[in-house]
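Chain by chain, the residues run as shown.
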Amino acid sequence: MNRFENKVALVTGSSQGIGEACALRLAKEGADIILNGRKFDERGEKLIAKIEGMGRKAKFLAADVSKSKEVIKLVDDAIAAFGSLDILVNNAGLETKADFWDVTEDDYDLVMNTNLKGVFFGIQTFVKYCKSNKKAGTIINMSSVHEEIVFPHFAAYCASKGGLKMLCRNLASELAPLNIRINNVAPGAITTPINKDLLNNKKQLAKVLDNIPMSRMGKVDDVAAVVAFLASDEAAYVTGSTYTVDGGLTYHYEEQ
Ligand code: BGC
């Protein structure tokens with residue numbers, strides 16, 4: 001199914017993990033892709049080759065989305081690259097682990113600027129473009145189950161994802177008249193580089209799996225499939241929602 005024929009998608013943080021899977025999935029279904037990461041390296045080169053191998057166009061734009069100037073330029077350059085932009089996937093994100101009382105201002109700024117501020121101004125740039133060209137658009141933010149449930153020792157991360165939740169709800173109302181949809185995807189524990197410490201710690205991993213009714217980590221493709229749905233016209237009446245992809249983690253119940 002070529003749901004994204006003649007569409008262009010920008011996926012931030014797409015040289016690895018969930019972002020890479022989203023880029024490949026959208027390309028597989030027909031989209032031309034703007035890839036992004038902080039720097040262009042062999043992972044980016046390989047991805048371009050893969051996407052071109054599918055018969056699509058691909059370009060890598062290096063930018064640090066924690067810096068508003070860079071994220072604004074990224075979206076502008078993405079629009080210029082292939083002459084249009086239809087789908088914005090705000091995937092780039094990071095987390096730092098610390099007891100709340102030890103969190104430094106630098107840690108806080110890094111997490112909030114990457115996960116929330118960069119998303120805010122990336123969306124704003126995309127919306128200005130859609131508005132002035134009277135063009136429909138769709139936006140998907142990579143949130144987390146932690147926009148809803150607690151994650152001790154990750155206070156700034158939870159604050160950023162909670163912020164993404166309200167940003168999505170709020171913009172859904174404001175952007176609907178412009179024919180722009182916005183939704184969040186909330187992955188649970190997915191096998192990606194962000195979880196490399198967890199994956200290397202058997203004891204902790206067993207504890208995490210105990211909390212997941214499906215008893216397995218998620219795959220990046222589990223997440224990409226939902227992103228593709230939300231980006232497509234099949235989700236034409238979906239906006240302001242969060243789609244959780246977590247094997248049941250968020251609302252699980254432990255029988256006593
Ligand atoms: C975090 C992971 C964590 C998962 C489930 C994600 O948002 O990035 O580190 O394993 O939530 O708690």
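Residues numbered from 1 in each chain as written. Predicted model: local features only at pLDDT ≥ 70, side-chain atom pairs only at ≥ 80, totals over all residues. Heavy atoms only, no water.

Draft legend 1. Spotlight on the packing of aromatic side chains. Inspection of the entire model under this criterion finds seven aromatic pairs. Relative to Y243, the ring of F229 lies with its centre 6.0 Å away and its plane at 45 degrees, an arrangement referred to as tilted. Residue F229 is found in helix α8 (residues 220-231), and its partner Y243 is found in strand β7 (residues 242-245); the two are separated by 14 residues along the sequence. Put simply, the rings of F151, F154 and Y157 pair up and form one aromatic cluster. (Phe/Tyr/Trp six-rings, centres within 6.5 Å; stacked < 30°, edge-to-face > 60°. Helix = DSSP H or I, 4+ residues; strand = E, 2+ residues; numbered from the N terminus.)

Draft legend 2. Inspection of the site of the ligand at higher detail. Lining the immediate environment of the ligand, one finds E95, S144, H146, F151, Y157, G188, A189, I194 and N195. One of the side-chain N or O atoms of E95 is found 2.5 Å from an oxygen atom in the ligand. Contacts to the ligand include H146, whose side-chain N or O atom sits 2.7 Å from an oxygen atom. When the ligand sits alone it has 310 Å² of accessible area, and the protein chains cover 89% of it. A per-class count over the shell around the ligand returns four nonpolar, four polar and one charged. (Near = heavy atom within 4 Å. Polar contact = N/O pair within 3.5 Å; in protein donor to acceptor, adjacent residues only side chain to side chain. Areas by Shrake-Rupley, 256 points an atom, 1.4 Å probe, with all protein chains shown as cover. Nonpolar A, V, L, I, M, F, W, Y, C, P; charged D, E, K, R; others polar.)

Draft legend 3. Layout of helix α2 (residues 42-53). Its 12 residues give α2 an end-to-end C-alpha distance of 16 Å, which sits within 8% of 16 Å, the value for a rise of 1.5 Å per residue. Listing the buried residues of α2 in full gives G44, L47, I48 and I51. Looking straight down α2, one finds that the buried residues subtend no more than 105 degrees of arc, so they occupy a single side. Opposite the buried face of α2, by more than 90 degrees, sit the exposed residues E42, K46 and G53. For α2, the capping residue at the N-terminal end is D41, with a side-chain oxygen 3.0 Å from the backbone nitrogen of R43. A positive phi of about 85 degrees marks G55, the residue just after α2. (Expected span 1.5 Å × (residues − 1). Buried < 20%, exposed > 50% of the residue type's maximum accessible area, 1.4 Å probe, protein only. Arc of directions from axis to C-beta.)

Draft legend 4. The nonpolar core, seen in detail. L26, I33, L35, V185, V223 and V227 are the most contacted members of the largest nonpolar core, which totals 34 residues. Counting residues per element, the ones that place at least two in this core are β1 (8-11), α1 (17-28), β2 (32-37), α2, β3 (58-62), β4 (87-90), β5 (137-142) and α8. Ignoring anything within four residues of it in the chain, the contact list for I33 reads A9, A23, L26, A27, I51, K57, A58, K59 and F82. Ranked by size, the runner-up nonpolar core spans 31 residues in total, among them L74, I79, C130 and L171. (Core = buried A, V, L, I, M, F, W, Y, C linked by side-chain atoms within 4.5 Å. Contact = heavy atoms within 4.5 Å.)

Draft legend 5. Looking closely at the packing of α1 against α8. Between α1 and α8, the least distance of the axes is 8 Å, while the angle of their chain directions is 50 degrees. Between α1 and α8, the angle is such that the two are oblique. For the pair α1 and α8, the crossing hand works out as right-handed. Of the residues in α8, those in contact with G17, I18, A21, C22, R25 and L26 of α1 are V220, D221, V223, A224, A225, V227, A228 and A231. Residues of the contact of α1 with α8, tallied by class, amount to 11 nonpolar, one polar and two charged. (Axes fitted to C-alpha atoms, helices over the stretch in contact; angles between N-to-C directions. Parallel < 35°, antiparallel > 145°, perpendicular 65-115°, else oblique. Left-handed = near helix turned anticlockwise from the far one by under 90°.)

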